[in-house]
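# Chain and residue survey
Chain by chain, the residues:
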Amino acid sequence: MFEKFQAAENRYDEINHRLSDPAVIANQDEYRKLMKEHAELEALVTKYDEYKKVTKEISDAEEMLNEKLDKEFREMVEMELEKAQERLEALKKEMKILLLPKDPNDEKSVIVEIRGGAGGEEAALFAGDLFRMYTRYAERNGWKVEMLDSNPTEIGGFKEVTFSIEGSGAYSRLKFESGVHRVQRIPATEANGRVHTSTVTVAVLPEVEEIDVEINPNDLRIDTYRASGAGGQHINKTESAIRITHLPTGLVVSCQDQRSQHKNREKAMRVLRSKLYEMAQEQQNSEIAQERKSQVGTGDRSERIRTYNFPQGRVTDHRIGLTLYKIDDIIDGDIDEIIDALITTDQANRLGNGAEDDEN
């Protein structure tokens, strides 16, 4: 492990030297590439510097304890040594996590699809609640939300809604949200006060650039139609809505939220690129059994991942057995505690799988 950190430090120093070279500065492509690598190595180098500092503190303390010291000073040194040793153990775990293979999509923005499932109007209302939850979470992080497509209902929910969240690291925080979200509550339309159970499906896709996915224009069938549903004055007036079918895969995406046909087409293509990228990744992941075993859940959209029980005020994530009794805060976008727990569990699983590989 330490050889890898030393190699990272050597490379970091080399990049620092190259970044001061006028020839490199003049070559913008090379300069950007080096700056990106420099940023990726910085966390490793900072942690390794702290490790070396704490190791030296331990060595110095142990050396001092071999000398003749008065009782009070010896106790102080022993206390400092114990704290340094505890910090060293924590650092080793943190360093192992830093060496885990990086998800290449972690720094990407995301496209989120929310669809009402079982439960009719109540499912559509909860789809609206989840849309607001993720929107509020994005606001808390300073990320930009853009509506891509929606099919609203008359009473304020969504049969389906697709939107992007633009921000560095959005995928790393939201990637475990894919799956079935279940809600248990008394619907506003329920006269007898009975608790109903409804479901909503969430899919989180990394947003990819054109260079990440090559799409042959001849593989596309593009249809225009009049937008429908609750909305602005342009609804049903012009054929501005776009439906794109990717013929080789049968994938269909649509967008009707903009008045401009050109803008709707642009947004639909963004969704299509992300869906094709996800399909390619799923195929690759299915070939790597160990990778699938190490994930928190499978990422399958049919997997029930979380229950929101309003009468009891609780939210339970079934993958990690976490239950929180603060449903109002969570629905208002305060989901960091759940996300942090999911990330920590994923890291622990991958570290455990790494240890098994080492034994084998």
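The structure reproduced in this document is the subject of the present report. Each chain has its residues counted from 1, following the order in which its sequence is written. For this predicted model, a pLDDT threshold of at least 70 governs which residues receive local features, and a threshold of 80 or more governs which side-chain atom pairs are given and counted, while totals over whole chains, interfaces and linings are taken from all residues. Values reported for side chains reflect all heavy atoms of the structure, with hydrogen atoms and water molecules removed beforehand.

## What about the pairing of strand 9 (residues 304–309)?
Buried residues dominate strand 9, accounting for 5 of its 6 residues. For two strands to count as paired, DSSP must find a minimum of two bridges between them. A run of H or I in DSSP counts as a helix once it spans at least four residues, and a run of E counts as a strand once it spans at least two, with each numbered from the N terminus. By the bridge criterion, 5 bridges tie strand 4 (residues 179–185) to strand 9 in an arrangement that is parallel. Residue pairing across strands places R182 opposite T307, the latter belonging to strand 9. In terms of strand pairing, strand 9 meets strand 10 (residues 314–317) through 4 bridges, oriented antiparallel. Looking at strand 10, one finds that T307 is bridged to T316. Taking the residues between adjacent antiparallel strands as the criterion, strand 9 and strand 10 are bridged by 4 residues, where G313 takes a positive phi near 65°. Relative accessibility decides the category of a residue: with a 1.4 Å probe and only protein chains considered, values under 20% of the type maximum give buried, values over 50% give exposed, and everything between is partly exposed.

## Focus: the nonpolar core
Residues I114, L130, Y134, I165, L174 and Y308 are the most contacted members of the largest nonpolar core, which totals 35 residues. Of all elements in the fold, only strand 1 (110–116), helix 5 (121–140), strand 3 (158–166), helix 6 (170–174), strand 5 (196–206), helix 9 (327–331) and helix 10 (336–359) reach the threshold of two or more residues within this core. Take this core: its biggest share by element is 8 residues, from helix 5. What we call a nonpolar core is a set of buried Ala, Val, Leu, Ile, Met, Phe, Trp, Tyr and Cys residues that are connected through their side-chain atoms within 4.5 Å. Core analysis: the second largest hydrophobic core is formed by 23 residues, Y51, L81, A84 and M95 among them.

## Details of the pattern of salt bridges
By salt bridge we mean one thing: a side-chain nitrogen of Lys or Arg within 4 Å of a carboxyl oxygen of Asp or Glu. Evaluated as defined, the whole model comprises 34 salt bridges. Between D60 and K56 there is a salt bridge, with the nearest N and O atoms lying 3.0 Å from each other. Note that D60 and K56 are positioned in helix 3 (residues 28–65) at a spacing of 4 residues, about one turn of the helix. Given the relative accessible area of 34%, D60 is considered partly exposed. When the shortest N-O distance is used, the salt bridge between R132 and D129 registers 2.7 Å. Residue R132 and its partner D129 are located together in helix 5, separated by 3 residues, close to a single helical turn. Among the residues examined, R132 registers a relative accessible area of 41% and is labelled partly exposed. The exposure class assigned to D129 is buried, which follows from its relative accessible area of 12%. If you follow the salt bridges from partner to partner, you end up with K47, E50, R87 and E94 in one network.

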